[in-house]
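# Architecture and fold: a report
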Amino acid sequence: MQTIDRSKLPQLMRREQERFSSTHPKSRALFERAQSSLLGGVPMNWMKKWPGGFPLFVDRAFGAHFKDVDGHEYVDFCLGDTGAMTGHSPNPAIEAATYRLQNGVTFMLPTEDAIWVGEELARRFGLPFWQFALTATDANRFSIRIAREITQRNKILVFNWCYHGTVDESFITLQPSGKGAARRGNIGPPIDPAITTEVVEFNDVAGLEHALAAGEIACVLAEPALTNVGIVHPEPGFHTALRELTRKHGTLLIIDETHTICAGPGGYTKAENLDPDFLVMGKPIAGGIPGAAYGFTQEVADRISARIQTADCDTGGIGGTLAANALSLAAMKATLQHVLTQQAYDHMIALAEEFTTGAAKAIADAGVPWHVTRLGCRAEYLFCKERPRNGGEAAAAADFELERYMHLHALNRGVLLTPFHNMALMSPATTKADVDCHTRIFREAIAELV
Ligand SMILES: Cc1ncc(COP(=O)(O)O)c(C=O)c1O
């Protein structure tokens, strides 16, 4: 087994940074100009974290590719971290959205598209009732509120190193003491998340049972496989245990399919026959236009309907003036009907298999102690030999410096990976040539390290 030579990293990184800076003068100049109007020179704080010293400024995107302001073209495997899993600006969504842009965008009144989308989501995921939000974060927050209201319990439970958007309760990680505390970097938590939230490791059935047994947990908020700390797959029997234990202890189960919708048209839920009380889906659902949905069972619908007074339903902490707007719904209908189809998934999943095979061979040939894994059309390489069993193990394998080098090396050669971990997503427009391009560059990057 070959280990990587860490002493090479600083020099390799310097070389990549110089190359990035000299070949992207327009992005660099825009970043410098932005310093006086945007905090940290970026319109959204995470954008500071891209490697290279400044982010690329985008000119235009098409399918699985985009061009930056310096005229370089890239294969996009980041795809907006799933928001553009449909490929950029898919035609059916753009046509439907254009009609809506010309005929009214937002009314606080429904359009018929909403019913079509609700019916289609019920068909795909098996949950009968649906509501809409602008982001998956909000769809998670609203589901949690409903769960709290109908169970009359305050606490929720999440898995260690989960990510569900900027949901306050979820920014908690397990500490060496075994207790949960605010996650590193948690900005201004409203209250200590240990008060609102229990946290256990993914795949830890005994820990889950122990946490649920006190009967205080309103809901478990879970991705069916963790996707935000590298991919962590559920072990056989874990989902059965999760469902049985939540039912036994009167806890509702929210399955967040925002990323795992990569598993197929009905997400992981349909593919693996899960049976949640709520299901959340956002990001690509409207072809890149902001929109999200959350669905729930007849029982949840009955229980929450019984508790909402019409006089107060506008101020109950669920909603938003722009939520369920006609533009989002028109784009969702077109995306579900014409873009995220079974045929598209067949193409995307085959490419992700190709990506995984190519990366695995490169890892084996170089003999580095890494592995690559896949969930539907999402592929990811991790800097550890064995698959992590939980978020704690996956987080321990993270390597910030190494990751930055791998990403900047790829970017300098025309490939964009998802930042903050090593994820590649396939869209209906991604091609085998795009995947082969990554495999070649990935090989070169590893060769320089051993
Ligand atoms: C699983 C999961 N749920 C929810 C979200 C939140 O999505 P958004 O940032 O669009 O609100 C994310 C974002 O990465 C996510 O990965």
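The shown structure was predicted, so the numbers you read here are calculated from the model rather than taken from an experiment.

### A word on the site of the ligand
- Around the ligand lies a shell of 13 residues, among which Thr137, Asn228, Asp256, His259 and Lys283 are the nearest.
- Asn228 places a polar side-chain atom, nitrogen or oxygen, 2.9 Å from an oxygen atom of the ligand.
- Contacts to the ligand include Asp256, whose side-chain N or O atom sits 2.6 Å from a nitrogen atom.
- Burial of the ligand by the protein amounts to 87% of the accessible area it has alone, namely 390 Å².
- Each residue belonging to the shell around the ligand can be placed in one class, and the counts come to two nonpolar, eight polar and three charged.

### Some remarks on a nonpolar patch on the surface
- The grouping of Met44, Trp46, Met47 and Phe420 at the surface amounts to a nonpolar patch, some 340 Å² of accessible area in total.
- If you trace the backbone, Trp46 turns up in the loop between helix H2 (25-34) and strand S1 (58-62).
- Since its relative accessible area comes to 43%, Trp46 is described here as partly exposed.

### Points about the sheet that holds S1
- Reading across the sheet, the four strands line up as S1-S2-S3-S15 and stay open at both edges, with mixed pairing between neighbours. In the strand order of this sheet, the two ends are held by S1 and strand S15 (415-416), each with one partner.
- In the sheet, strand S2 (residues 65-68) pairs with strand S3 (residues 73-76) via three bridges, with the strands oriented antiparallel. Bridge pairing in S3 links Lys67 to Glu73.

### Description of the sheet that holds strand S16 (residues 423-425)
- Taken in spatial order, the three strands of this open sheet run S13-S14-S16, and their pairing is antiparallel. Each edge of the sheet is formed by a strand with only one pairing partner; in this case those strands are strand S13 (371-375) and S16. The sheet shows a mean angle of 20 degrees between the axes of neighbouring strands, direction not considered.

### Comments concerning the layout of surface pockets
- Considering only enclosed or pocket space, the second largest pocket measures out at about 1,300 Å³ in volume.
- Lining the second largest pocket are 39 residues, with Gln131, Tyr294, Cys313, Ile318 and Gly319 positioned closest to its centre.
- Going through the elements one at a time, helix H4 (112-125), strand S4 (129-133), helix H5 (136-151), strand S12 (292-296), helix H10 (298-305) and helix H11 (326-339) are the ones with two or more residues in the lining of the second largest pocket.
- Here the lining of the second largest pocket gets four residues from one element, more than from any other, and that element is H4.
- Among the residues making up the lining of the second largest pocket, the classes are represented as 21 nonpolar, twelve polar and six charged.

### Quick notes on the packing of aromatic side chains
- Tallying each qualifying case throughout the model produces 19 aromatic pairs.
- Measuring from centroid to centroid gives 6.5 Å for Trp46 and Tyr163, while their planes differ by 70 degrees, and the two rings are edge-to-face. With Trp46 in the loop between H2 and S1 and Tyr163 in the loop between strand S5 (155-159) and strand S6 (172-174), the pair connects residues that are 117 residues apart, well separated along the chain.
- The exposure class of Tyr163 is partly exposed, given its relative accessible area of 22%.
- With centroids separated by 6.3 Å and ring planes inclined at 50 degrees, the aromatic side chains of Trp370 and Phe442 adopt a geometry described as tilted. Taken together, the residues span a long stretch of sequence, with Trp370 in the loop between helix H12 (342-366) and S13 and Phe442 in helix H15 (residues 432-447) at a distance of 72 residues.
- The exposure class of Trp370 is buried, given its relative accessible area of 6%.
- A relative accessible area of 2% means that Phe442 is categorised as buried.
- Taken together, the ring pairs connect Trp46, Tyr163, Phe171 and Phe420 into an aromatic cluster.

### Here we look at the nonpolar core
- Counting residues in hydrophobic clusters, the biggest one holds 102 residues, and the most contacted among them are Phe159, Trp370, Met406 and Met426.
- Take this core: its biggest share by element is eleven residues, from H12.
- Leave out the neighbours within four places in its chain, and Met426 touches Phe77, Leu79, Met85, Met348, Leu351, Ala352, Phe355, Cys377 and Val435.
- One finds Ala133, Ala139, Phe142 and Phe278 within the second-largest nonpolar core, a separate group that totals 25 residues.

### Notes on helix H3 (residues 91-102)
- Given a rise of 1.5 Å per residue, twelve residues ought to cover 16 Å, and the 16 Å separating the end C-alpha atoms of H3 matches this to within 8%.
- Here H3 has its buried residues at Ala93, Ala97 and Arg100. The buried residues of H3 all sit within an arc of 55 degrees when viewed along its axis, so they share a single face. Those residues of H3 that are exposed and angled more than 90 degrees off the buried face are Asn91, Glu95 and Gln102.
- Looking at the buried positions of H3, the neighbouring elements they touch are H11.
- Gly104 lies just past H3 and shows a positive phi near 105 degrees.

Parameters at a glance
Residues numbered from 1 in each chain as written. Predicted model: local features only at pLDDT ≥ 70, side-chain atom pairs only at ≥ 80, totals over all residues. Heavy atoms only, no water. Near = heavy atom within 4 Å. Polar contact = N/O pair within 3.5 Å; in protein donor to acceptor, adjacent residues only side chain to side chain. Areas by Shrake-Rupley, 256 points an atom, 1.4 Å probe, with all protein chains shown as cover. Nonpolar A, V, L, I, M, F, W, Y, C, P; charged D, E, K, R; others polar. Patch = residues over 30% accessible without salt bridge, like charges linked within 9 Å, V, L, I, M, F, W, Y side chains within 5 Å. Salt bridge = Lys/Arg side-chain N within 4 Å of Asp/Glu carboxyl O. Helix = DSSP H or I, 4+ residues; strand = E, 2+ residues; numbered from the N terminus. Buried < 20%, exposed > 50% of the residue type's maximum accessible area, 1.4 Å probe, protein only. Pairing = 2+ DSSP bridges. Axes fitted to C-alpha atoms, helices over the stretch in contact; angles between N-to-C directions. 1 Å grid on protein atoms, 1.4 Å probe; cavity = no way out; pocket = protein on both sides within 12 Å on 5 of 7 lines; lining within 4 Å. Points joined across faces, edges and corners; volume = space filled by probe spheres on them. Phe/Tyr/Trp six-rings, centres within 6.5 Å; stacked < 30°, edge-to-face > 60°. Core = buried A, V, L, I, M, F, W, Y, C linked by side-chain atoms within 4.5 Å. Contact = heavy atoms within 4.5 Å. Expected span 1.5 Å × (residues − 1). Arc of directions from axis to C-beta.

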